[in-house]
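Coordinates in review
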Amino acid sequence: MARSDAKRLIRGDHLSGQITPESVAHSRRAIVLAGAALAAAGPGLLQASTPKPASAYAPLAAKPSRYSILERPVPFEEASTYNNFYEFGLEKEDPAYWAPGRLKIAPWKVTVEGLVARPREFDIDELRKLAPMEERITRLRCVEGWSMVIPWVGYSLSELIRRVQPLGSAKFIEFTTLADPKQMPGLSYRALRWPYREGLRMDEAQHPLSLLAFGMYGVMLPEQNGAPLRLMVPWKYGFKSSKSIVKIRFVEAQPPTLWTLTAPKEYGFYANVNPEVAHPRWSQATERVLGTDALFAPRRKTELFNGYADLVAPMYAGMDLKTFY
Ligand SMILES: Nc1nc2c(c(=O)[nH]1)N[C@H]1C(S)=C(S)[C@@H](COP(=O)(O)O)O[C@H]1N2
Ligand SMILES: [Mo]
C-alpha cells in the first residue's frame, strides 16, 4: 500500500509527546535490529512478509449481524496494512511486515481464570466453535483521530462469559495479549508497560456489542490484526480492543492496563468515543476517515459512543464522562 502523506502525519500519535524524538528513533532502531536478528536466525520461516490478499487466509463463514452499521468497509488491503500493534513496531506498516511468519497462531490456548465458577483453558479451535459466527461491520475509531470501517467475524464476548459462570464478586475483566520477545520485536521498546493489557467493566464486557473477533472480511484474522482472536469494542477507542489474547481474567477491582500504566492522563480506562472530551494533545470532535478514494481522507464528525449511544449510554447514566474518560 502506498504511504500517503496524510497518513504520515498521524503516525505514532499514541506515543509522540510521551518520549523524546531521540528515544523513539533509538527504539525504532532497536526494533529493526531485533527484527534483523530474527531474520538471521532462520531464513524462510522468519522472512519479513509482503501483504497478502484476503484469499490467502482460510475462510470463516458467518451470518450477517443485526449490529452492523450500513457503511462500506475499507478494502481488505487497507485494514490489513495500516495497523497499530506495537508488539510488532511503532509504524503503521510494521505489523503487516513483521507479524506474519513470526506470530505463531497455532497451537493457541486461551486461559480463562479468576473469579469464575468454571475456570479453564480453551484451545482456539474449541473457542471458534463455541457460538455461531456473525459478520459485524463496525467503525474502528482510533484515539489518534482516524477511523475505518471493517467487517469483523466473531460472536459476542457474552457467549464465552456465561459459559464460565462469573462469581458475584467479579466486577471487571482483564484481557492479556501474548508477550513473547522471540516472536515480537516491539517488546524491546521499554517505554510501554508490557504486556499489552486491557480491561472492561463486567456490564461492558457482557454487552452484546462487545465482540470476540476471530476473522474479518469472511476470512481468519491476519496476524497483524490480532490473530487468532481479539476484542472489538466498537463504542470505545481502538486501543481497548486487545489483539492476540492469551488470558482472560475476572477480577474484583478495575485492572491496570498498558495505557493507564504508561500514560494515564492521556488514555483513560473507559475510553468511550466522545467528541466533547478532547485528548490532552488534540480535539476528538472530528476524525479522518481512512480508506476512501479521496487523495486526502475527508473528516467526519465524531459521534458520541461512536454512534452506539442508544445502545450503550444507559451503562454510564450518572457518570461524568469527562472524569471517567
Ligand atoms: N496487543 C495489542 N492490541 C492492540 C494494539 C496493540 O498495540 N497491541 N493497538 C490497539 C490500537 S491503538 C488500535 S487502534 C487497534 C487497531 O486494530 P487494527 O490494526 O486491526 O485496525 O488495535 C488495538 N489493539
Ligand atoms: Mo488506536
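Let me sum up the structure you'll find in this document. Note that the structure is predicted; figures quoted are calculated from it, not measured.

1. What to know about the overall build of the chain
Tallying secondary structure elements over the chain gives nine helices and 13 strands in all. Here the chain, with 325 residues, has 57% of them falling under the buried criterion. Taking the intrachain contacts of the chain between residues at least 6 apart in sequence as the baseline, contacts between residues at least 24 apart amount to 75%. Within the structure as shown, the chain displays about 13,900 Å² of accessible surface, and the carbon and sulfur contribution to it stands at 58%.

2. Considerations on the side chain of S242
Here S242 lies in the loop between β10 (230-232) and β11 (245-251). With residues up to four places along the chain from it excluded, the contact list for S242 reads F175, T177, Y196, E198, R230 and L231.

3. Examining the packing of aromatic side chains
Summed over the entire model, instances satisfying the criterion amount to 15 aromatic pairs. The interplanar angle of 90° and the centroid separation of 5.4 Å between the aromatic rings of F76 and Y217 together place this pair among those described as edge-to-face. Within this pair, whereas F76 is found in helix α3 (residues 76-79), its partner Y217 is found in the loop between β8 (211-216) and β9 (219-220), the two being separated by 141 residues in sequence. The same class applies to F76 and to Y217, which are both buried. Aromatic rings pair up to connect F172, F269, Y270, F305, Y316 and F324 into one cluster. Stacked on the ring of F122, the Lys or Arg R120 has its end atom at 4.0 Å from the ring centre. We note K240 situated over the ring of F269; from NZ or CZ to the ring centre the distance is 4.0 Å.

4. Describing the site of ligand 1
Close contacts around ligand 1 come from 18 residues, with N83, Y86, E87, R230 and K243 the closest. Between ligand 1 and N84 there is a distance of 3.1 Å, counted from a nitrogen atom to a backbone nitrogen or oxygen. Interatomic distance of 2.8 Å between a side-chain N/O atom of E87 and a nitrogen atom of ligand 1. Across the shell around ligand 1, the residue classes break down as seven nonpolar, eight polar and three charged.

5. Concerning the pattern of salt bridges
Under the definition given, this model contains 19 salt bridges. One salt bridge connects E113 with K247, and the closest N-O pair in it is separated by 3.8 Å. Of this pair, E113 sits in strand β2 (residues 109-114) while K247 sits in strand β11, and the two are 134 residues apart along the sequence. The partly exposed category is assigned to E113, whose relative accessible area is 21%.

Calculation rules
- Residues numbered from 1 in each chain as written.
- Chains lettered and ligands numbered in written order.
- Predicted model: local features only at pLDDT ≥ 70, side-chain atom pairs only at ≥ 80, totals over all residues.
- Heavy atoms only, no water.
- Helix = DSSP H or I, 4+ residues; strand = E, 2+ residues; numbered from the N terminus.
- Buried < 20%, exposed > 50% of the residue type's maximum accessible area, 1.4 Å probe, protein only.
- Contact = heavy atoms within 4.5 Å.
- Areas by Shrake-Rupley, 256 points an atom, 1.4 Å probe, with all protein chains shown as cover.
- Phe/Tyr/Trp six-rings, centres within 6.5 Å; stacked < 30°, edge-to-face > 60°.
- Lys NZ or Arg CZ within 6 Å of the ring centre and 35° of its normal.
- Near = heavy atom within 4 Å.
- Polar contact = N/O pair within 3.5 Å; in protein donor to acceptor, adjacent residues only side chain to side chain.
- Nonpolar A, V, L, I, M, F, W, Y, C, P; charged D, E, K, R; others polar.
- Salt bridge = Lys/Arg side-chain N within 4 Å of Asp/Glu carboxyl O.

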